[in-house]
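So the chains spell out like this:
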Amino acid sequence: MFIVGTWNIWGLNGSQKQKNVLAWTHKNNLDIFCLLETKVGPANLHSITTKLSPSHWKYHSNITSSTTCRILVGWNTHKLHLTYLHSASQWLTCEATLPNNPTPIRLTFVYGHNTPAERQSLWRYILQESSINTCTPWLLLGDFNAIM
């Protein structure tokens, strides 16, 4: 198994926030983390990710779907393999496989838009994916910006 954490960081451009992420990752022994609402621009993304974890960690983001990085996923390559599947402005989906278990686990990290109308595409995506992937374990987590 692996340990996953997610944090709505509300901005990641400051060096203190970057140090806090590194400390949080170590303290909780995370294998995968997701940072939401990073507000990091494309020009700064690489330089910031180098400060968040050891050099053997890799990253995926949804930077191509938005003007800033809304979702940033990092993982420890010594523990697992993470394959990017797809993303949009409100989600990033990937599959994790462990060296001793070839069965993939699907992970979708969510950072929903603020209004119900803007979140409609997120709900459609979740419904579509849940009907297609009935035999794959699926972890869906993040900030949906919705309250029941």
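Here, the structure is the one placed above.
Residues numbered from 1 in each chain as written. Predicted model: local features only at pLDDT ≥ 70, side-chain atom pairs only at ≥ 80, totals over all residues. Heavy atoms only, no water.

1. A short note on the overall build of the protein
- Summing up its helical and strand segments, the protein has three helices and eight strands in all.
- Ordered by position from N to C terminus, the α and β elements of the protein give β-α-β-α-β-β-β-β-β-α-β.
- Expected size for 148 residues packed as a compact globule is a radius of gyration near 15 Å; at 15 Å, the protein falls within 12% of this value.
- In terms of principal-axis extent, the alpha carbons of the protein reach across some 40 × 40 × 25 Å.
- Counting every position in the protein, which comprises 148 residues, the buried fraction comes to 46%.
- When contacts within the protein are restricted to residue pairs at least 6 apart in sequence, long-range pairs at least 24 apart make up 56% of them.
- About 7800 Å² of surface is accessible on the protein, with carbon and sulfur atoms providing 58% of the total.
- Between the centroid of the 11 positive side chains of the protein and the centroid of its 6 negative side chains there is a distance of 9 Å. (Helix = DSSP H or I, 4+ residues; strand = E, 2+ residues; numbered from the N terminus. Rg over C-alpha atoms; globule rule 2.2 N^0.38 Å. Buried < 20%, exposed > 50% of the residue type's maximum accessible area, 1.4 Å probe, protein only. Contact = heavy atoms within 4.5 Å. Areas by Shrake-Rupley, 256 points an atom, 1.4 Å probe, with all protein chains shown as cover. Lys, Arg positive; Asp, Glu negative; His and termini not counted. Charge placed at Lys NZ, Arg CZ, Asp CG, Glu CD.)

2. Let's talk about the sheet that holds strand β4 (residues 69-76)
- Strand order in the open sheet formed by four strands is β1-β2-β4-β3, with mixed pairing between adjacent strands. In the strand order of this sheet, the two ends are held by β1 (4-8) and β3 (57-61), each with one partner. Taken pair by pair, the neighbouring strands of this sheet meet at an average axis angle of 25 degrees, ignoring direction. (Pairing = 2+ DSSP bridges. Axes fitted to C-alpha atoms, helices over the stretch in contact; angles between N-to-C directions.)

3. Here's the deal with the packing of aromatic side chains
- Counted under the stated rule, the structure contains six aromatic pairs.
- With centroids separated by 5.4 Å and ring planes inclined at 25 degrees, the aromatic side chains of phenylalanine 33 and tryptophan 57 adopt a geometry described as stacked. In this pair, phenylalanine 33 sits in strand β2 (residues 32-40) while tryptophan 57 sits in strand β3, placing the two residues 24 residues apart along the sequence. The two residues phenylalanine 33 and tryptophan 57 agree in class, both being buried.
- Relative to tyrosine 125, the ring of tryptophan 91 has its centre 4.0 Å away and its plane inclined at 10 degrees; by these criteria the two rings are stacked. With tryptophan 91 in strand β6 (residues 91-98) and tyrosine 125 in helix α3 (residues 116-132), this pair connects stretches of sequence that are 34 residues apart. (Phe/Tyr/Trp six-rings, centres within 6.5 Å; stacked < 30°, edge-to-face > 60°.)

4. Let's talk about the environment of tyrosine 125
- Judged by its relative accessible area of 7%, tyrosine 125 is buried.
- Between the C-alpha atom of tyrosine 125 and that of tryptophan 91, which follows or precedes it by 34 residues, the distance is 9.1 Å.
- Tyrosine 125 has contacts with His86, Trp91, Thr93 and Thr108, leaving out every residue within four places of it along the chain.
- At 2.5 Å, the side chain of tyrosine 125 forms a polar contact with the side chain of threonine 93. (Polar contact = N/O pair within 3.5 Å; in protein donor to acceptor, adjacent residues only side chain to side chain.)

5. What to know about the nonpolar core
- With 18 residues, the main nonpolar core has Ile32, Leu82 and Phe109 as its most contacted residues.
- Those elements that provide at least two residues to this core are β2, β4, β6 and β7 (101-111).
- If we ignore the near neighbours within four places in the chain, the residues touching leucine 82 are Ile32, His60, Val73, Trp75, Cys94, Glu95, Ala96 and Leu107.
- Among the nonpolar cores identified, the runner-up in size contains 16 residues, and Phe33, Tyr59, Ile63 and Leu72 belong to it. (Core = buried A, V, L, I, M, F, W, Y, C linked by side-chain atoms within 4.5 Å.)

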